[in-house]
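The primary structure of each chain is shown beneath.
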Amino acid sequence: MSGRYLRTFLQEHRSTLINGEVAARNRRYHDLDFDQLSLHVKQHRDTGRERLRKVQRLTESAKRSKTAHLLAQHRDIWLATQRQLAQAGKRGQRELDEWRCALVLSDKPDGRSFAEELMEMEAALLAERENLERDSVKLVWTLRTELKKWLAPSRCDNSPIPSRAILDELGAVQLQLVAMATVLDHAYRECCSGLEHVRGMSPPSFLDCDGGVVPLDVQSLAWPNQESLEAIKVEFQALDERYRRSVAELESRFSHVLSSLHGGWSELDAAKFTFVMEQYPSSAPGQRALRMDRLMRELPHKSRDDIVAHETWYSHQLLHQEQHRAVLSSWATHREELAARARKVFEEVTKDTQLARAVASEKKEWAEYCQQLHRELAQWRENRLEMLDREMEAAARAQVEVEAARKLEEEKERVQRDRQKKKLEEYQHKKLIEMDEAQKKERQIQEAANAQQAELALHHLDRVRHREALRALKDIQQREAEERAGRAQEEQEKKLELLRQTVRVEAPSDPLRLLRETKVSLARAVGKEQVALQQPLFPLHGYTAEVVMADPRVKLEHALREAGLHTTSYARQIMSNAAPPHPPRRDQFSTVFK
């Protein structure tokens, strides 16, 4: 039964009781039909339950439709990803077959032997895969078919199910699968260690070197003088140092990304997050909501705030990797250009040296030509520095565009939240208007009931006066009894005083005793120290939970709230008549209900 129907029932029942008291005196009202009242209450209770079930069914249907729509969108993306992976696999297999055919048809014996080894390894892998399927997948499917056959409800014969044989076969299959999983895990660890070893054998970049390294093809040239080679080394060192500073600046700008390997997450969670981010590209419209839903399903132990923070860290990591690759690519390109320039310089220097050896008079021109080459190298270096600065500015602008896109998306989400908040406020305003109308109706009913109670009070005025006279007589008798008890108490005190005088101890005169502490004061001081140790560090001002819950008004409000009557005029009238546990001070007297 809802609160509205309960209040209506209580008001009807209260008015019925009042009418029944009047009927008992003047016989103008009929007796109550409690069976009809019980049927009325039951009908209202069933109606409320049916409405509650309807609301629950609508809520569950909306949740199911929303989940089905999201799953359909996920399924479309998964199918597109599966098609892309299948196409990539076919393309990779086709390229591998072409490359292997080229090795077989090549004239080099090493290529043909390597192709034969690849074919043997492929055959061995195929055989291992077939054995694995036979020992794991086919075994499980065979066991599943047998279990279906044993447990089928439509078997013709009524023979008992061989439960012992089923359990033995299940145990054997489980042990075999555990052993196979152990072998596969060992093979996986060996592959991972091999990949780590191969990754550790990668050639060092310019960041791993202390200074610039001249390429071997440039360094192996027979330079006619050591000054040109030293100048080339200086140029390579300057190039490496400039790009090393660029990488250091890039790392300092993305220090919050490089401080942790996976953004504070575990390796498995980071791998799942990366897979989902690659499967749901940010360029397509509406992909972020699907991506967040997929991440919440894949990582249920992570909150939405953690996923959003890790998404920001992941975007910064991608930007750092892209800029780092751009810097490395630019470094390799400029290094090749510098090497080509050095080879060209070597050819020119060689020609000039040969001419100088042939013609001694041209030594001065050779020196001027070398100075010109140095000026050209300096000019080229300045041009490259300007180009590098422009590239860094372009990277900074790209980062600003990424931040602007992220802020725009956050603004869209904020506008959507404001729209939902406005709808909620309109709904609450409508509900408040309906509640005000209901309270007005209840107030009218309460005023009618108060008028009827006032009429009853006038009717029972003689009986009230008689009771007041009886109460006054009872108060007089109680005061007389208290006076008699007080006199008896005084007489008893007099007798006790006489008895104390007879047993009083006469202590000898000791003036120093007045200056010493008594045993009681010493014990009290020790007790005060122990109590002070148990007191809190700071004084507490206010009310504790026990003091608040001991107030009868709090208990009354709690009981009304549990009954669903705390918003009715009946509850307000009862609360206004409830007395506090202690009389309030005159300056704290409440006039709210006056």
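Quick caveat: nothing in here was measured; it's all calculated off a predicted structure.

Report on the overall build of the protein, specifying residues and quantitative values.
A count of helices and strands for the protein gives 16 helices and zero strands. Per-residue burial for the protein yields a buried fraction of 17% across its 594 residues. On the protein, roughly 46,600 Å² of surface is accessible, and the fraction owed to carbon and sulfur atoms is 57%.

An account of the packing of helix H8 (residues 267-279) against helix H10 (residues 304-358) is requested, with residue identities and associated values reported.
Contact geometry for H8 and H10: axes closest at 12 Å, N-to-C directions at 70°. On the basis of their axis angle, the class for H8 and H10 is roughly perpendicular. Judged by residue contacts, Phe273, Thr274, Met277 and Glu278 of H8 engage Ile307, His310, Glu311 and Tyr314 from H10. Tallied by class, the residues present in the contact of H8 with H10 amount to four nonpolar, two polar and two charged.

Could you give an account of the packing of aromatic side chains, with specific residues and numbers?
Using the criterion set out here, one finds two aromatic pairs in the structure. Members of the aromatic cluster, each reached through a chain of ring pairs, are Trp265, Phe273 and Tyr314.

Summarise a positive patch on the surface; cite the residues concerned and give the values.
On the surface, Arg463, Arg467, Arg471 and Lys474 cluster together into a positively charged patch. Structurally, Arg467 can be placed in helix H12 (residues 461-502).

Tell me about the side chain of Ser330, residues and numbers included.
Tracing the sequence through the fold places Ser330 in helix H10. Contact partners of Ser330, with chain neighbours within four places excluded, come to Tyr243 and Glu391.

Describe the packing of helix H2 (residues 34-105) against helix H9 (residues 287-298), with residues and values.
The description of two packed helices rests on the angle between their axes and on the distance between the axes. At a closest axis distance of 11 Å, the pairing of H2 and H9 adopts a crossing angle of 100°. Classed by the angle they form, the pair H2 and H9 counts as roughly perpendicular. Each of Thr67, Leu70, Leu71, Gln73, His74, Ile77 and Trp78 in H2 lies in contact with H9, whose residues at this interface are Gln287, Leu290, Asp293, Arg294 and Arg297. A breakdown of the residues in the contact of H2 with H9 according to their chemical character gives five nonpolar, four polar and three charged.

Describe the pattern of salt bridges, naming the residues involved and giving the relevant values.
Per the stated rule, a full pass over the model turns up 17 salt bridges. In this structure, the salt-bridge partner of Arg53 is Glu50, at a minimum N-O distance of 2.6 Å. Taken as a pair, Arg53 and Glu50 lie in helix H2 at a separation of three residues, close to a single helical turn. On the basis of relative accessible area, Arg53 is assigned to the partly exposed category, the value being 40%. Among the salt bridges present, the one from Arg384 reaches Glu337, with a minimum N-O distance of 2.3 Å. With Arg384 in helix H11 (residues 363-459) and Glu337 in helix H10, this residue pair connects regions lying 47 residues apart in the sequence.

I'd like a rundown of the nonpolar core, residues and numbers included.
Membership of the largest hydrophobic core comes to 18 residues, with the highest contact counts inside it found for Phe273 and Ile307. Secondary structure elements with two or more residues in this core: H2, H8, H9 and H10. Element by element, the count of residues in this core is highest for H10, at four residues. Discounting chain neighbours no more than four positions away, the residues touching Phe273 are Trp265, Leu295, Ile307, His310, Glu311 and Tyr314. One finds Leu239, Tyr243, Val247 and Val327 within the second-largest nonpolar core, a separate group that totals eleven residues.

Lay out a nonpolar patch on the surface with the relevant residues and their values.
A surface patch of nonpolar side chains, amounting to about 440 Å² of accessible area, comprises Tyr543, Val547, Val548 and Met549. Within the secondary structure layout, Met549 lies in helix H14 (residues 545-549).

Describe the confidence of the model for the protein, listing the residues and the values that go with them.
On average, residues of the protein score 78 in pLDDT, and 81% of them are at 70 or above. Here helix H1 (residues 3-26) is the element of the protein with the lowest mean pLDDT, 54, and helix H15 (residues 552-563) is the one with the highest, 90. Long-range and interchain partners of residues 200-204, a stretch whose pLDDT sits below 50, account for zero contacts in this model, where long-range means more than four residues apart. Considering only residues more than four positions removed or in separate chains, one finds that residues 206-212, a stretch of pLDDT under 50, has 16 contacts.

Requested: an account of the environment of Ser576, with residues and values cited.
In this fold, Ser576 is placed in helix H16 (residues 569-577). Of the residues examined, Ser576 reaches a relative accessible area of 29% and is grouped as partly exposed. Ser576 sits 23 residues away from Arg553 along the chain, and the two C-alpha atoms are 9.6 Å apart.

Explain the environment of Ser315 to me, and be specific about the residues and the numbers.
Inspection of the secondary structure assignment puts Ser315 in helix H10. What makes Ser315 partly exposed here is its relative accessible area of 30%. Measuring from C-alpha to C-alpha, the distance between Ser315 and Val257 comes to 9.7 Å, with 58 residues separating the pair along the chain. In terms of polar contacts, Ser315 uses its side chain to reach the backbone carbonyl oxygen of Thr312, at 2.6 Å.

Analysis parameters
- Residues numbered from 1 in each chain as written.
- Predicted model: local features only at pLDDT ≥ 70, side-chain atom pairs only at ≥ 80, totals over all residues.
- Heavy atoms only, no water.
- Helix = DSSP H or I, 4+ residues; strand = E, 2+ residues; numbered from the N terminus.
- Buried < 20%, exposed > 50% of the residue type's maximum accessible area, 1.4 Å probe, protein only.
- Areas by Shrake-Rupley, 256 points an atom, 1.4 Å probe, with all protein chains shown as cover.
- Axes fitted to C-alpha atoms, helices over the stretch in contact; angles between N-to-C directions.
- Parallel < 35°, antiparallel > 145°, perpendicular 65-115°, else oblique.
- Contact = heavy atoms within 4.5 Å.
- Nonpolar A, V, L, I, M, F, W, Y, C, P; charged D, E, K, R; others polar.
- Phe/Tyr/Trp six-rings, centres within 6.5 Å; stacked < 30°, edge-to-face > 60°.
- Patch = residues over 30% accessible without salt bridge, like charges linked within 9 Å, V, L, I, M, F, W, Y side chains within 5 Å.
- Salt bridge = Lys/Arg side-chain N within 4 Å of Asp/Glu carboxyl O.
- Lys, Arg positive; Asp, Glu negative; His and termini not counted.
- Charge placed at Lys NZ, Arg CZ, Asp CG, Glu CD.
- Core = buried A, V, L, I, M, F, W, Y, C linked by side-chain atoms within 4.5 Å.
- pLDDT = per-residue confidence, 0-100.
- Polar contact = N/O pair within 3.5 Å; in protein donor to acceptor, adjacent residues only side chain to side chain.

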